[in-house]
Amino acid sequence: MKTIKTLVDYTKSKKKHQLEKKDYFYIEPIKDIEEYIRNEKSVAGIGLALDFISSWFHYNYIYSFLTTTDNATTDLSSLAKSTLLGIEANNWDFFLGKNHEKYHSAIPFQNAIKHLSQALLLGWDTLAINYGKLLINMLYGKQYKGWHAAYKHAWFMLEIFCKWQGIELDYSRLNYPEDMKVYAQALQYWDTNDNELLSKLVNELVDFHIAESDEYERKNHIPDFSSADYFIFPVEILLWLNIRERMNFAKYIPNNDLLKMSINNWQIQKVAIPVIEVVEKAKTKLLSEYPNTRFDLQTEL
């Protein structure tokens, strides 16, 4: 049986291992972008490079929390950079897709929707809302092609976002799960003001998150949380609680160990959107190459 301690221990070991690969996740992708700016490399791989660097900063954020003595004051700058870079990766890919019919690259939807959640947690409301609308277009379009029914938490997050924004999804264009399992009841009562029911629903989601945190697929089963990036950071629950607070529903008081961890703060943090110089230079160059196209997301909001 998984426990928070086993998830913490695994995550710490995995992030330590990944952070030892700085060349792979950070230095080489930065070099790829700089070479593109100098006309030494093709535009095609830049979205992937942005995604890699996004992962690098996320690893730093999680590992810093797990290894800092006073983890109540975890620096949010790495989370901010990771979130922005992930959003920029899809912003870049969608831009190219408008100019090249066969270009349909995008970061996985279950990762993209987490970046939306993180943007809301960081207080980037306008960017997050616009990104959510872009993701829906990508779900209907050639990038995601309706996506797939695995990773039910990603569909839960999309549904919560749409309920908040009053958006009706066209399910005929989506490969929506037939059975949303534990998320079905949470969606049914997403706006409840019954504190006892809310606590019960959140605890069920926490139990599911812990049970489904596993990087190893089994026969006929893909764990819902298949990356240690989010084993102890349940952004699907944080998104729901954040939106509930924005709508002045009954406040949630954590009564489980996962949501009592200081990293799992669903309050709006009000962190400035970072300016990453190499990204801005690359975007300026791309705009000069396609003067009749604009980015769908303005990330300097």
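Keep in mind that what you see is a predicted model, and the values were worked out from it rather than measured. (Residues numbered from 1 in each chain as written. Predicted model: local features only at pLDDT ≥ 70, side-chain atom pairs only at ≥ 80, totals over all residues. Heavy atoms only, no water.)

Caption draft 1: Just the environment of I222, in detail. Mapping I222 onto the fold places it in the loop between α9 (195-211) and α10 (235-246). Note on I222: relative accessible area 38%, which makes it partly exposed. Setting aside chain neighbours within four positions, we find I222 in contact with A150, Y151, E212 and E217. (Helix = DSSP H or I, 4+ residues; strand = E, 2+ residues; numbered from the N terminus. Buried < 20%, exposed > 50% of the residue type's maximum accessible area, 1.4 Å probe, protein only. Contact = heavy atoms within 4.5 Å.)

Caption draft 2: Examining the side chain of S78 more closely. Residue position: S78 is located in helix α4 (residues 77-99). In this view, S78 contacts F57, N60 and Y61; residues no more than four positions away in its chain are not counted.

Caption draft 3: Representation of the pattern of salt bridges in the model. Going through the model one piece at a time under the given rule, you end up with 15 salt bridges. E20 is the salt-bridge partner of K16, the closest N and O atoms lying 3.0 Å from each other. Assessed through its relative accessible area of 43%, K16 is described here as partly exposed. Between E40 and R38 there is a salt bridge; the shortest N-O distance is 3.2 Å. Ionic contacts of the salt-bridge type, sharing partners, join the residues D32, E35 and K41 into one network. (Salt bridge = Lys/Arg side-chain N within 4 Å of Asp/Glu carboxyl O.)

Caption draft 4: Summary view of the nonpolar core. Ranked by size, the top nonpolar core spans 106 residues in total, and within it W92 and W240 carry the most contacts. Here the element with the most residues in this core is helix α3 (residues 46-67); it accounts for 11 residues. Those residues in contact with W92 that sit more than four places away from it in its chain are Y36, V43, I46, G47, L50, A282, K283, L286 and F295. (Core = buried A, V, L, I, M, F, W, Y, C linked by side-chain atoms within 4.5 Å.)

Caption draft 5: Expanded view of unusual backbone geometry. Residues other than glycine seldom take positive phi values, yet N39 does so here, at roughly 65 degrees. Checked against the element boundaries, N39 lands in the loop between α2 (22-37) and α3. The phi dihedral of K181 is positive, around 50 degrees, even though this residue is not glycine.

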